[in-house]
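Residue-level structural notes
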Amino acid sequence: MADVLIDARGVVVAYAGQRTLSGRRLPPRPVLHGVDLTIGRGETVGIVGESGSGKTTLGRALIGLLRPADGSIRFDGNDIVGLPEMAMRPLRRRMQMIFQDPMSSLNPRRTIRSILSDPLLLHAIAADRASAERRVQAVMERVGLPLALLDRYPHELSGGQRQRVGIARAVVLRPDFVLADEIVSGLDVSTQAQVLKLLGELKRELHLAMAFISHDLSVVRTLCDRVYVLSAGRVVEQGRCEAVFKAPAHAYTRALIDAIPLPVVDAGWLTRQSVVAG
Amino acid sequence: MAEALLDAPSPIATSRHADRNRIRALLAQPKVVFAGGFILFLIMLAVFAPLIAPRDPLEQDLLAGTLPPMGFTGAEPGFLLGTDDLGRDVLSRLIFGTRIALIVAFVASALAALLGTLLGLFAGYFRGATDAAVSRLVEIWMAFPPVLLSILVVAIMGAGVGSVIAAIAIIDWTRFARVVRTETMAQAQADYVVAARVLGFGRLAILFREVLPNVAPVLLALLTLEMGIAVIVEAILSFVGLSVSSDTPTWGGMIAQGRQIIHQAWWVFAAPLAALFATVLAFNQVGDGLRRALDPVMQR
Amino acid sequence: MTAPLLSVSHLSAVSSRDGEGAILRDVSLSVARGEVHGIVGESGAGKSTIVKAILGILPGGIRLTGGAIALEGRDLLALDPDARRHVLGAEVALIPQDPLTALNPGRRIGGQLTDGMRLWRGLSGKAAEDRALALLHDVQMREPARVMRAYPHELSGGMRQRVLIAAAFALDPKLVIADEPTTALDVTVQKQILRLIRSLQEQHGTGVIFVTHNLGVVAQICDRATLLYMGRVMEQEATATLLERPRHPYTRALIAACPRYDRPGQDLTPIPADVIAACRAEIASLDPGEASHG
């Protein structure tokens, strides 16, 4: 059993109820109904679900961006729920995030160099600009980007290059854990393959724990050791990838797997019905 | 790495700095070049007024009263735009009036911007109680009649450039607060703000290092517009005699004076009015051009 | 051999914005009656340009430099805009990619559904409404009458797409163009929509052009497919042949880059740089003024 890095128990997240026109406040809408999840050191865990399943919310709770209404989330033994920002800062260095849309996750008014070196200076990993520059150049080379891009602004890069900068930023601090939130959705098959390959190499080299949020089970199978299947804010199935994919226990998982068209002609696929639970 | 070849090359210009692109876009608009040039010209006039103005603006010569501008019958050489009823040279007074106009324009708008931006930033970023408080303040503040407020300020502080500047700043900060608040709220939703939080930056650091630079374009455009407004407000205040003492020439003061002798010497009224119009137009054009130049960059 | 329903021959297009860069290079394809033909490729390959060329809605910056498009033998490019509108409006329908922006948020569904019928088939208001209700039933909407009165934002993404599918088949067109219609949908909803399109297509005997970047979707719904890269046809085959016995190295590389849930611990291979280089060389060698190449 891998050494546990992230241990979430009974996570409940609810968004505040809307105010109606008459001024009444509606009851809060629950998004996560008591989710349990663990991620071991160096382990990649897939969080899978369709829209409305709560997977994005779960990811944000794990990384401390939103506060659950109930439950605990332990990072390396520290409960991060309700932790004040100053206490959170040393932990933040160890948990990073890659975003779905690299255009909106890179500040359009900062150069790539600034985007990558500022975190190093903030956490005093680099003592001065010179050593920060060395590390920044190293990470740029690792993700396969030419050093000339360091002086550019995000809008001057292509989509694939921006995504790599996002990945570079996430690993430049050498974190223990990375949250990847739908990072290949909307990418071409070829770009997706490049990103996944890079991610696979990086997680092995840096011994990263990873939570990979996706709606695409095929991508999850490629990258993940274990998988959690979410539906309507609850975990309906979890386990090692081979086991879950080979013999899914829950009807929803079966429906989800069944709905994926493989690039192999299968005459009966279209009409094959799978009952969707819940 | 070979795989980097697979990324499509960026179609954007290969210039190293986006700022250079923006400046280029700005200067590509003729109206900005003209308007900006005019403002620079005004600044020159203001700074070098004693050297440029042909005569002392305060010097009265009753024998040379109400002389028309050059080109009209009865004009005398040396008085390009004629004289007022006290024999003072209109052109020289106009040039010296530039000083007050520009000082007020730059300082008052800067102060209004500073106050309004700070409040707008905090309201838009921290939301909740801060936003409620600032929004309420803005609403109440905007309900005050601006004229009464400025009279109040001048009454308390006494007439002078300082009170005019204070009055404008106190009244107009709300304009900045509202715009900056809206823009901040929009920018604060962006993923890069979330990214900065994940990286461990503190909230204030994020506000000033990540959000403010992205609010700056809108702010800059609003600032130039505010300069035009400040010039007009100063003119109005000196028109009603609430501005500097009547000796120091101001465009508003000249307009007030000229109004009274408009049938005998219309040029005393017309010249400062034209100057006012041209100056406000120039500020507006620059502001508009700034807005246009800065927007397309963001759309790429 | 009956004439094809739609035939695109040697179509070429350039973009006047990127300095006359080629968008389409000598593209030919044909769709038979009742056939589902996939246009596959990654973004920028030219898929939507072909669709827009067929529909006559090319944006201002793109210009056709050669080739022909014929619907049932009639040359569409030779028609003047009005005549073309008549032909296309009645015979060709579009299922667009984004159901949200394709529907007018300020109008009820009923009105939007009956528009085409009243315009092109001259149906009266009542007759059009009845037909619209029947169509909503065909696309398996549970409460057709309620949907007719609803506004787009009151429906889910899948329901909106069904409405658009109903609208597409409303006029019993000869050809339906589906432009990445399931990209914005959840995967379980996608399967339902694909099933729906296929069954309606079989029912009406309509020809379908299905634009997608997803090889899995191509495998399950298309009879034949055209694979594009940088505006050029790399391979064009019956789907089974394309996927099982691909001839072109690009096709093989693309298939190898697709993640599959049934292949454990697979190391995805991105498309190798030498395959890309070979494709580009192939395209470059054909470029200089080659409009009619076999």
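The structure presented is a predicted model; accordingly, all values stated were derived computationally and were not measured.

1. Considerations on the domain arrangement of chain A
Residues and elements named next belong to chain A. What the domain assignment lists for chain A is domain 1 (1-16 + 28-85 + 176-248) and domain 2 (103-174). Each of domain 1 and domain 2 has a C-alpha centre, and these two points are 25 Å apart. Domain 1 puts 7 residues into the contact, and the matching count from domain 2 is 7 residues. Across the side of domain 1 that touches domain 2, the residue classes break down as 6 nonpolar, 1 polar and no charged.

2. Side note on helix α5 (residues 129-142) of chain A
All names here are of chain A. The end-to-end C-alpha distance of α5 is 20 Å, a good match for the 20 Å that 14 residues give at a rise of 1.5 Å each. Where α5 is concerned, the buried positions are Ala132, Val136, Val139 and Met140. Projected onto a plane normal to the axis of α5, the buried residues spread over an arc of 105° and lie on a single side. Facing away from the buried surface of α5 by more than 90 degrees, the exposed residues are Ala130, Arg134 and Ala138. Packed against the buried residues of α5 are α4 (112-122) and α6 (159-171).

3. Some points on the pairing of strand β7 (residues 175-179) of chain C
All names here are of chain C. For β7, the buried fraction is high: 5 of the 5 residues fall into the buried class. Both faces of β7 are covered, namely the face carrying Leu175, Ile177 and Asp179 and the face carrying Val176 and Ala178. One ladder, built from 4 bridges, connects strand β6 (residues 92-95) with β7; its direction is parallel. Of the residues in β7, the one forming a bridge with Leu94 is Ile177. With 5 bridges connecting them, β7 and strand β8 (residues 207-212) associate as parallel partners. Bridged to Ala178 within β8 is Phe210.

4. A short note on the interface of chain C and chain A
Interface extent is often summarised as the accessible area lost during association of the parts. Tallying the contact residues gives 34 residues for chain C and 32 residues for chain A. Listed by contribution, the elements that provide at least two residues to the side of chain C that touches chain A are α8 (187-204), α9 (215-221), α10 (239-244) and α11 (249-256) of chain C. Here the element with the most residues in the side of chain C that touches chain A is α8 of chain C; it accounts for 7 residues. Class assignment for the residues of the side of chain C that touches chain A results in 18 nonpolar, 9 polar and 7 charged.

5. Side note on the sheet that holds strand β6 (residues 95-98) of chain A
Across a sheet, strands are paired by hydrogen bonds formed along the backbone, either parallel or antiparallel in direction. Residue and element names in this part refer to chain A. Read from one edge of the open sheet, 6 strands run β6-β7-β8-β3-β9-β10, paired in mixed fashion. Of all the strands in the sheet, just β6 and β10 (234-240) have a single pairing partner and so form its edges. Strand-to-strand twist in this sheet, taken as the mean axis angle between neighbours without regard to direction, amounts to 15°. In the sheet, β6 pairs with strand β7 (residues 177-181) via 4 bridges, with the strands oriented parallel. By the bridge assignment for β7, Met97 is matched with Leu179. Set on the sheet, helix α1 (residues 55-62) makes contact with β3 (44-48), β7, β8 (209-214) and β9 (226-231); between it and β8 the angle comes to about 155°. Contacts between helix α10 (residues 251-258) and the sheet are confined to β9 and β10, with β9 contributing the most and set at about 100° to the helix.

6. Focus on unusual backbone geometry
Residues and elements named next belong to chain A. Positive phi values are uncommon outside glycine, yet His207 reaches one of about 50°. The topology assignment puts His207 in the loop between α7 (189-206) and β8. The phi dihedral of Ala232 falls on the positive side, at around 50°, and the residue is not glycine.

7. Focus on the environment of Gly49 of chain A
Residue and element names in this part refer to chain A. Mapped onto the elements, Gly49 comes out in the loop between β3 and α1. Distance in space between the C-alpha atoms of Gly49 and Ala232 is 8.7 Å, their sequence separation being 183 residues. Residue contacts for Gly49: discarding those within four places in its chain leaves Gly54, Lys55, His215, Val229, Leu230 and Ser231.

8. Some details on the packing of helix α4 (residues 90-126) of chain B against helix α7 (residues 161-188) of chain B
Residues and elements named next belong to chain B. The geometry of α4 relative to α7 is characterised by a closest axis approach of 5 Å and an angle of 35° between their N-to-C directions. As α4 packs across α7, the resulting crossing turns out to be right-handed. Per-class residue counts for the contact of α4 with α7 are 25 nonpolar, 7 polar and 4 charged.

Conventions and cut-offs
- Residues numbered from 1 in each chain as written.
- Chains lettered and ligands numbered in written order.
- Predicted model: local features only at pLDDT ≥ 70, side-chain atom pairs only at ≥ 80, totals over all residues.
- Domains from an automatic or database assignment.
- Contact = placed C-beta atoms within 7 Å.
- Nonpolar A, V, L, I, M, F, W, Y, C, P; charged D, E, K, R; others polar.
- Helix = DSSP H or I, 4+ residues; strand = E, 2+ residues; numbered from the N terminus.
- Expected span 1.5 Å × (residues − 1).
- Buried ≥ 20, exposed ≤ 12 C-beta atoms within 10 Å, placed from the backbone.
- Arc of directions from axis to C-beta.
- Pairing = 2+ DSSP bridges.
- Axes fitted to C-alpha atoms, helices over the stretch in contact; angles between N-to-C directions.
- Left-handed = near helix turned anticlockwise from the far one by under 90°.

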